[in-house]
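Survey of secondary and tertiary structure
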Amino acid sequence: MPEGGCLCGKVRYRVTGEAVARTLCHCVSCRRATGGVSVGWAVFDKAGFALLQGEVREYSSSPGIYWGSCAECGSLVTYRRDTRPNHQDITTATLDDPDAFPPTAEIWVGEKIGWETLNPDLPHKERSTLNE
């Protein structure tokens with residue numbers, strides 16, 4: 001079963017089941033939450049996510065939006081939103097084997113940084129792939 005964790009190793013989690021979505025997000029919120037150019041996400045059914053150790057501290061950036069980071073090192077590990085109560089998003093790069101969950105679409109491409117190059121082999125979406 002796929003597992004992952006944060007930079008310091010205090011947070012460990014496991015996911016089971018197939019990913020509902022696998023995306024590379026270019027939105028401003030993801031960039032600011034991570035300091036990265038874009039963020040890879042693997043979305044799972046909430047029942048398929050198990051926190052094995054550590055504490056994920058959530059920050060609500062706006063009503064119904066929750067970014068989950070390691071309480072110790074601050075690594076962004078999870079994301080969830082009230083409009084998708086049965087989903088748990090995981091930052092793909094925190095998985096021990098991120099190559100097992102490559103993106104199938106790039107989302108929020110209208111907000112990408114101008115010098116960033118899109119992958120020509122993936123579909124490009126103006127918004128999310130999960131009908132938000």
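Please read all numbers here as calculations on a predicted model, not as lab measurements. (Residues numbered from 1 in each chain as written. Predicted model: local features only at pLDDT ≥ 70, side-chain atom pairs only at ≥ 80, totals over all residues. Heavy atoms only, no water.)

A closer look at the sheet that holds strand β8 (residues 76-81)
- Taken together, seven strands build an open sheet; the order of strands is β6-β7-β8-β9-β4-β3-β10 and the sheet is mixed. A strand with exactly one partner marks an edge of an open sheet, and here the two such strands are β6 (56-62) and β10 (105-107). The average undirected angle you get between the axes of adjacent strands in this sheet is 30 degrees.
- Relative to strand β9 (residues 87-91), strand β4 (residues 39-45) is paired through five bridges, and the arrangement is antiparallel. Paired with Asp 45 across the bridge in β9 is His 87. (Pairing = 2+ DSSP bridges. Helix = DSSP H or I, 4+ residues; strand = E, 2+ residues; numbered from the N terminus. Axes fitted to C-alpha atoms, helices over the stretch in contact; angles between N-to-C directions.)

Regarding the sheet that holds strand β2 (residues 12-15)
- The strand order β1-β2-β5 describes an open sheet built from three strands, whose pairing is antiparallel. One side of each edge strand has no neighbouring strand; the edge strands of this open sheet are β1 (3-5) and β5 (49-53). When the angles between neighbouring strand axes are averaged without regard to direction, this sheet yields 30 degrees.
- Here four bridges tie β2 to β5, and the two strands are oriented antiparallel to one another. In the strand pairing of β5, Arg 14 is matched with Ala 50.

Some remarks on the state of the cysteines
- A complete count under the given rule lists zero disulfides for this structure.
- Of all cysteine sulfurs in the structure, the one in Cys 27 sits closest to Cys 25, which takes part in no disulfide; the separation is 3.6 Å.
- Free cysteine Cys 73: the closest other cysteine sulfur is in Cys 70, separated by 3.7 Å.
- Using a relative accessible area of 30% as the deciding quantity, one classes Cys 73 as partly exposed. (Disulfide = S-S within 2.5 Å. Buried < 20%, exposed > 50% of the residue type's maximum accessible area, 1.4 Å probe, protein only.)

Here we look at the pattern of salt bridges
- What the rule picks out here adds up to six salt bridges.
- The partner of Arg 12 in a salt bridge is Glu 3, and the shortest N-O contact between them spans 3.4 Å.
- The exposure class assigned to Arg 12 is partly exposed, which follows from its relative accessible area of 21%.
- Glu 3 gets classed as partly exposed once you look at its relative accessible area, which sits at 23%.
- Where Arg 57 meets Glu 55, a salt bridge forms, and the shortest distance between an N and an O atom there is 3.9 Å. (Salt bridge = Lys/Arg side-chain N within 4 Å of Asp/Glu carboxyl O.)

Functional significance is not addressed by these values, which are geometric in nature.
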